[in-house]
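# Structural description and commentary
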Amino acid sequence: MLIAIDHGNEQIKTVNCEPFTSGLLDSDTKPFGKDILLYQGKYYQLSGQRIPYRKDKTEDDRFFVLSLFAIANEIEALGTYHPGVMRVQLAVGLPPAYYGTHYKSFSQYFMDRGTVNFSYRGKSYSIFIDQVACYPQSYAAALTMFQTLQKIPKALVLDIGGMTADYLQIKYGQGDLSICDSLENGVIRLYNRIESKVRAEQDILLTEREIDAVLFGSGVQLPAGVVPVVERLAQEFIADLLSALRERQLELKSGPVIFVGGGSILLRKQIQKSGKVADPLFVEDIRANAKGYEMLYRLSQNSR
């Protein structure tokens, strides 16, 4: 079965299930709770505290264990569970700037593990990962708009994620990897900036969920003066990001700029208000990269 996973620094996304935070707690003894995964003698729970940012996610097994959570959730969502060994094909991705140098090692990270046995929510799973395909982020998400993109001479895709903002130029629907890079301007840096500012000036410990609520306009209850600080710093963050792109000779006012990723959804109002982008288009689905990986895998199989 094919399972596509977007391994974000902030969240793990799959095609059919709700995203979850890229964080883990492990224990040698069984903890309380129902969403417990047991793998190689250790118990794991998902955590709201993210794994610290790392460019290379293959340094240890934590992102593999997060993948097991994602695979089990997708198996249940697809209704394909059975007690025998389940063969899995994975479709994953990397930022365009790192793709050429890391796609082999990232693909290999999931391979050659033999039959992987684990239990989740009290149910036993046996999976064998027999193929891994790796694709560029951003392009995968934009592929969900392929019918529009293939008619456009030039478009810029900007994927604002947890720790990076990845850009890639697309010409008539084809990604140009000679014009791509990853800037360390993801929303985690914005969160840190806001949290530090509010803590220093108002002695308030603001959470990321509260920041999200402010930026989404969800009417969260906060002391007077906090909301204007959050909104001002978010606007400055977007202004700085778009200026950094302009300094790289990327045209934002000629041809569409396609915004993908959770950060783009979160900061849509600030992007539209910036006045720096003539024609912003937004891919609203936070799972767009995962869906793009799945599409690219199926296209590659059909062309064989």
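All figures in this text were calculated on a predicted structure; none of them were measured in a lab.

The rules behind the values
Residues numbered from 1 in each chain as written. Predicted model: local features only at pLDDT ≥ 70, side-chain atom pairs only at ≥ 80, totals over all residues. Heavy atoms only, no water. Axes fitted to C-alpha atoms, helices over the stretch in contact; angles between N-to-C directions. Helix = DSSP H or I, 4+ residues; strand = E, 2+ residues; numbered from the N terminus. Left-handed = near helix turned anticlockwise from the far one by under 90°. Contact = heavy atoms within 4.5 Å. Nonpolar A, V, L, I, M, F, W, Y, C, P; charged D, E, K, R; others polar. Pairing = 2+ DSSP bridges. Core = buried A, V, L, I, M, F, W, Y, C linked by side-chain atoms within 4.5 Å. Buried < 20%, exposed > 50% of the residue type's maximum accessible area, 1.4 Å probe, protein only. 1 Å grid on protein atoms, 1.4 Å probe; cavity = no way out; pocket = protein on both sides within 12 Å on 5 of 7 lines; lining within 4 Å. Points joined across faces, edges and corners; volume = space filled by probe spheres on them.

## Considerations on the packing of helix H5 (residues 187-202) against helix H7 (residues 226-247)
As a packed pair, H5 and H7 sit with axes 10 Å apart at the nearest point and diverge in direction by 145 degrees. When you trace H5 past H7, the crossing you get is right-handed. Contact residues: Val187, Leu190, Arg193, Ile194, Lys197, Val198 and Gln202 in H5; Val226, Val229, Val230, Arg232, Leu233, Ala234, Phe237 and Asp240 in H7. Residues belonging to the contact of H5 with H7 are distributed by class as follows: ten nonpolar, one polar and four charged.

## Some remarks on the sheet that holds strand E13 (residues 257-260)
Here five strands make up an open sheet; going across it, the order is E12-E11-E10-E13-E14 and the pairing mixed. In this open sheet, the two strands that pair with only one neighbour each are strand E12 (174-183) and strand E14 (280-282). Adjacent strand axes in the sheet meet at a mean angle of 25 degrees, parallel and antiparallel pairs treated alike. Bridge analysis of strand E10 (residues 155-160) against strand E11 (residues 165-171) gives six bridges, and the strand direction is antiparallel. Each bridged residue has a counterpart across the sheet, and for Leu158 the counterpart in E11 is Tyr167. Docked against the sheet, helix H2 (residues 96-110) engages E11 and E12, running at close to 100 degrees with respect to E12.

## Quick look at the nonpolar core
In globular proteins that are soluble, nonpolar side chains generally tend to be buried together. Residues Leu37, Tyr39, Leu90, Phe110, Phe118 and Ile127 are the most contacted members of the largest nonpolar core, which totals 36 residues. Among the elements of the structure, strand E1 (2-7), strand E5 (37-39), helix H1 (62-78), strand E7 (85-94), H2, strand E8 (115-120) and strand E9 (123-136) are those that each provide at least two residues to this core. If we skip the residues at most four places from it in the chain, Ile127 touches Leu68, Ile71, Ile75, Val85, Met86, Val88, Gly114, Thr115, Val116 and Phe118. Membership of the second largest hydrophobic core comes to 35 residues, among which are Ile204, Val214, Phe259 and Ile271.

## Quick word on the pairing of E9
Two strands pair when backbone bridges link them, and E7 and E9 are joined in this way by ten bridges, in the parallel orientation. In the sheet register, Val85 faces E9, and the bridge partner there is Ser126. Between the end of E8 and the start of E9, which pair antiparallel, lie two residues, with Arg121 showing a positive phi angle near 55 degrees.

## Considering the side chain of Glu195
Its place among the elements puts Glu195 in helix H5. If we skip the residues at most four places from it in the chain, Glu195 touches Leu206, Thr207, Glu208 and Ile211.

## Digging into the layout of surface pockets
Within this model, the largest pocket holds a volume of roughly 840 Å³. Lining the largest pocket are 38 residues, and of these Glu10, Gln11, Val187, Tyr191 and Asp212 sit closest to its centre. Counting only elements with at least two residues in the lining of the largest pocket, the list comes to E1, strand E2 (11-14), E10, H5, helix H6 (208-216), helix H8 (262-266) and helix H10 (288-302). When the residues that make up the lining of the largest pocket are grouped by side-chain class, the tally is eleven nonpolar, 16 polar and eleven charged. Considered as a void within the structure, the second largest pocket measures approximately 200 Å³ in volume. Lining the second largest pocket are Cys17, Glu18, Phe20, Gly33, Lys34, Asp35, Gln45, Leu46, Asn73, Tyr120 and Arg121. Across the lining of the second largest pocket, the residue classes tally to four nonpolar, three polar and four charged.

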